[in-house]
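# Understanding the architecture of this molecule
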Amino acid sequence: MSPWSLSNFPSAKFNNFAGPRPSAWLALARLCQRALPQSCALCAAPCGSLLVCAACCAGLPRIASACPLCALPAPGAAVCGACLARPPPFAAAFAAFAYAFPLDRMLQAFKYGGRLSHADFFAEALSASVAQRPVGTPWPDAVVALPLARERQRARGFDQAAEIARRVARITGVTMMAGLHRTRDTPAQAALPWKERARNVRGAFAAEPSLGGRRIAIVDDVMTTGATLASAAGAVLLAGGVGVEAWAVARTLPPAQLL
Ligand SMILES: [Zn+2]
Ligand SMILES: [Zn+2]
């Protein structure tokens, strides 16, 4: 069984895998087949065991060639100019999708509509994305969820990043750890202009010493400007983390890069 068969991740050790790599489409098609029988989550067409029908699945927005440090589109998947000029605190960043229609609607249904059934789909897509790391790139020692502000978790009833992180840990075989906390509740980033987001979340996180000495992947549902994940990564590094990866289900593209 190929390790790219998403329902059968044998372990997190893909580094030495030298076999043929199926296309992103094939990987996506496989994960679509993992859901329970239902109608398509996007167009409601009957689709047997698929979460979304084949046509919708093929149309989900993906970033074919991404900068390894910020997950934004970059020619040849090289480090982009912005990251060369101002390196982010991430050793690597991965996003399964671009945050664009109709994936944005699916994430909103998950976050605000309580559609927990989508969490498996997102986790499998993210796990497939992080498995496509360059040969020789070490896997993280642990996965942590980006902590949601307490107020928002109370209002929503569940923590979407933790739901995804738990599933990703199970699929990839990377241990899930606690130890990353908010030091204060910040105004929702979505309510702020992009320029103010970095200031809003600066110093908003603290990491426990238990994360020290480890390479940590921080999981979030959407990576928008990256400011929140960067602030959390800074806290992990301050606690002695030896490297931080940003793992997001979807990456928001700057206006100039909209698909
Ligand atoms: Zn459909
Ligand atoms: Zn970049």
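Structural notes, computed from the coordinates. (Residues numbered from 1 in each chain as written. Chains lettered and ligands numbered in written order. Predicted model: local features only at pLDDT ≥ 70, side-chain atom pairs only at ≥ 80, totals over all residues. Heavy atoms only, no water.)

## Points about the coordination of the zinc ion (ligand 1)
This is how the line gets drawn: Shown as donors are all N, O and S atoms within 2.8 Å of a metal ion, widened to 3.2 Å for Na, K and Ca; because water is not in the atom set, sites may appear incomplete. Any coordination sphere not matching a tetrahedral pattern (four donors, all angles between 85 and 135 degrees) or a square planar or octahedral pattern (four or six donors, opposite donors over 155 degrees apart, other angles between 65 and 115) is reported as irregular. Going along the chain from the N terminus, every DSSP run of H or I of four or more residues is numbered as a helix, and every run of E of two or more is numbered as a strand. Type-normalised accessible area, obtained with a 1.4 Å probe on protein chains alone, sets the label of each residue: buried when under 20%, exposed when over 50%, and partly exposed for intermediate values.
Within the protein, C40 (SG), C43 (SG), C53 (SG) and C56 (SG) serve as the donor atoms for the zinc ion (ligand 1), at 2.3 Å. Metal-centred angles of 101 to 119 degrees between the 4 donor atoms at the zinc ion (ligand 1) mark the site as tetrahedral. If you list the donors of the zinc ion (ligand 1) from N- to C-terminus, the spacing comes out as C-x2-C-x9-C-x2-C. Separated by 13 residues along the polypeptide, C43 in the loop between α1 (24-32) and α2 (54-58) and C56 in helix α2 bring together distant segments of the chain. We classify C43 as partly exposed; its relative accessible area is 41%.

## Things to note about the coordination of the zinc ion (ligand 2)
Surrounding the zinc ion (ligand 2) are the protein donor atoms C67 (SG), C70 (SG), C80 (SG) and C83 (SG), which sit 2.3 Å from the metal. One can describe the donor arrangement at the zinc ion (ligand 2) as tetrahedral, given that its 4 donor atoms subtend angles of 105 to 115 degrees at the metal. Linear spacing of the donor residues for the zinc ion (ligand 2) on their chain is C-x2-C-x9-C-x2-C. Taken together, the positions of C70 in the loop between α2 and α3 (81-85) and C80 in the loop between α2 and α3 put the pair 10 residues apart, joining distant regions of the chain. Note on accessibility: C70 and C80 belong to one class, buried.

## Things to note about the nonpolar core
As a rule of thumb, soluble globular proteins bury nonpolar side chains together. Threshold: For the purposes of this section, nonpolar cores are sets of buried Ala, Val, Leu, Ile, Met, Phe, Trp, Tyr and Cys residues that join through side-chain atoms within 4.5 Å.
F97, F122 and W247 are the most contacted members of the largest nonpolar core, which has 40 residues in total. Every element with two or more residues in this core is listed here: α2, β1 (92-98), α4 (103-113), α5 (117-131), β2 (142-145), α7 (160-172), β6 (215-223) and β7 (243-251). Counting 26 residues, the second-largest nonpolar core is a separate cluster that includes M177, V201, V244 and A248.

## With respect to the pairing of β1
Inclusion rule: One requirement defines pairing of two strands: DSSP has to find at least two bridges between them.
Of all the 7 residues making up β1, 7 are buried; the element is thus mostly covered by neighbouring parts of the structure. Pairing between β1 and β7: 6 bridges, direction parallel. Looking at the pairing, A93 lines up with A246 of β7.

## Things to note about unusual backbone geometry
In this model, F101 is joined to P102 through a cis peptide bond whose omega is 0 degrees. Its location among the elements puts P102 in the loop between β1 and α4. At A71, a position not held by glycine, the phi torsion is positive, near 70 degrees. The topology assignment puts A71 in the loop between α2 and α3. In this structure, A77 takes a positive phi of about 55 degrees despite not being glycine. Position of A77 among the secondary structure elements: in the loop between α2 and α3.

## What about the layout of surface pockets?
Where empty space is left becomes clear once a probe the size of a water molecule has been rolled over the atoms. Quick reminder of the rule: Using only the protein atoms, space was sampled on a 1 Å grid; points where a 1.4 Å probe fits but cannot get out form cavities, open sets with protein on both sides within 12 Å along at least five of seven lines form pockets, and lining residues are those with an atom within 4 Å of a point. Grid points are joined across faces, edges and corners, and a volume is the space filled by probe spheres set on the points. Side-chain classes follow a simple rule in which Ala, Val, Leu, Ile, Met, Phe, Trp, Tyr, Cys and Pro form the nonpolar group, Asp, Glu, Lys and Arg form the charged group, and the remainder, Gly included, forms the polar group.
In this structure, the largest pocket occupies an estimated 730 Å³ of space. If you go around the largest pocket, you meet 27 residues; those closest to its centre are R86, P88, T225, G226 and A227. Mapped onto the lining of the largest pocket, the elements with two or more residues apiece are α3, α8 (194-201) and α9 (227-238). The element best represented in the lining of the largest pocket is α8, accounting for 4 residues. Looking at the lining of the largest pocket residue by residue, the class counts come to 17 nonpolar, 6 polar and 4 charged.

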